[in-house]
Amino acid sequence: DNIFGILLYGPNKGLVSIRSQALKKFWAGDNYDPFDVVQLDGNEIIKDLSVFLNHISSISFSKNRQVIIISNSSDKLTKILKELEFSFYIDKKIILLSDELSPRSSLRKYFEVDDFLASVPCYEDSLPENIAFVKKCISDRGLVLSNTLIKEIANYLSNDRLINFHEITKLFTY
């Protein structure tokens, strides 16, 4: 609970999305108030910092934890975040979403070294990850399939987790 924010980045946009939704659910709860989850765009924050500052400084009507999700995050946000005193915002959590960031990225470095932040890379899925994902989806639905069939399904999947989730959902639906 000491973590103020998490950066999710990488080429696997589906995995970024899935992990973002899981974090939002974890931090805001299952039945969160829609006003307690805010979606912002990093480019808009760069153009008008007050958009972000208004949300980070606001008080929740429901007294719940507020989650701010910032898409299109880039190194341009590093300076803004470094100026925040995280201990002032104990009822806030931020999730930053980004495409691939190089090891030299100031945003990535900041989230990797700060004690109140965390960085989670989301790389493309390979065959072993796809097999594990298919097994999880099957077990979540209470089904049993042979390993041969699971591997066959996994061979047809892409390297993007969200696309794979939709394809497997279609498979079970039809």
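Notes on the structure in this doc start here. From a predicted model like this one, the values you see are computed outputs, not experimental measurements.

**Details of the packing of helix α6 (residues 127–140) against helix α7 (residues 147–155)**
Packed helices, taken two at a time, are described by their axes: the angle between them and the distance between them. Across the interface, α6 lies against α7 with an axial gap of 9 Å and an inter-helix angle of 120°. Between α6 and α7, the crossing angle belongs to the class labelled oblique. Where α6 crosses over α7, the two elements pack in a sense that is right-handed. Touching Leu127, Asn130, Ile131, Val134, Lys135 and Ile138 of α6 are Asn147, Ile150, Lys151, Ile153, Ala154 and Asn155, all from α7. For the contact of α6 with α7, the residue count by class is seven nonpolar, three polar and two charged.

**Comments concerning the pairing of strand β1 (residues 5–9)**
Every regular strand shows the same layout, with side chains that alternate between the two sheet faces. Counted residue by residue, β1 has five buried out of five residues, so it is predominantly covered. What you see with β1 is no split at all: Gly5, Leu7 and Tyr9 on one side and Ile6 and Leu8 on the other are buried throughout. Pairing analysis gives five bridges linking β1 to strand β4 (residues 92–98), with the strands arranged parallel. Within the sheet, the bridge partner assigned to Leu8 lies in β4 and is Leu97. Bridging between β1 and strand β5 (residues 117–121) involves five bridges; their strand directions are parallel. Its bridge partner lying in β5, Ile6 is registered against Ala118.

**Notes on empty space enclosed by the protein**
All told, the structure shown has one cavity of 30 Å³ or more when counted by the stated rule. Within this model, the largest cavity holds a volume of roughly 30 Å³. If you go around the largest cavity, the residues you meet are Ile45, Phe52, Ile70, Leu77, Ile80, Leu81 and Leu96. In terms of residue class, the lining of the largest cavity is built from seven nonpolar, no polar and no charged.

**Here's the deal with the sheet that holds β5**
Taken together, the five strands give an open sheet; going across it, the order is β2-β3-β4-β1-β5, and neighbouring strands pair in parallel fashion. At either margin of the open sheet sits one strand with a lone partner, and together these are β2 (37–41) and β5. Neighbour to neighbour, the strand axes of the sheet diverge by 15° on average, direction disregarded. In terms of strand pairing, strand β3 (residues 66–71) meets β4 through five bridges, oriented parallel. Directly across from Ile69, in β4, lies its bridge partner Ile95. This element, helix α1 (residues 13–28), spans β1, β2, β3, β4 and β5 of the sheet and lies at about 175° to β4.

Calculation rules
- Residues numbered from 1 in each chain as written.
- Predicted model: local features only at pLDDT ≥ 70, side-chain atom pairs only at ≥ 80, totals over all residues.
- Heavy atoms only, no water.
- Axes fitted to C-alpha atoms, helices over the stretch in contact; angles between N-to-C directions.
- Helix = DSSP H or I, 4+ residues; strand = E, 2+ residues; numbered from the N terminus.
- Parallel < 35°, antiparallel > 145°, perpendicular 65-115°, else oblique.
- Left-handed = near helix turned anticlockwise from the far one by under 90°.
- Contact = heavy atoms within 4.5 Å.
- Nonpolar A, V, L, I, M, F, W, Y, C, P; charged D, E, K, R; others polar.
- Buried < 20%, exposed > 50% of the residue type's maximum accessible area, 1.4 Å probe, protein only.
- Pairing = 2+ DSSP bridges.
- 1 Å grid on protein atoms, 1.4 Å probe; cavity = no way out; pocket = protein on both sides within 12 Å on 5 of 7 lines; lining within 4 Å.
- Points joined across faces, edges and corners; volume = space filled by probe spheres on them.

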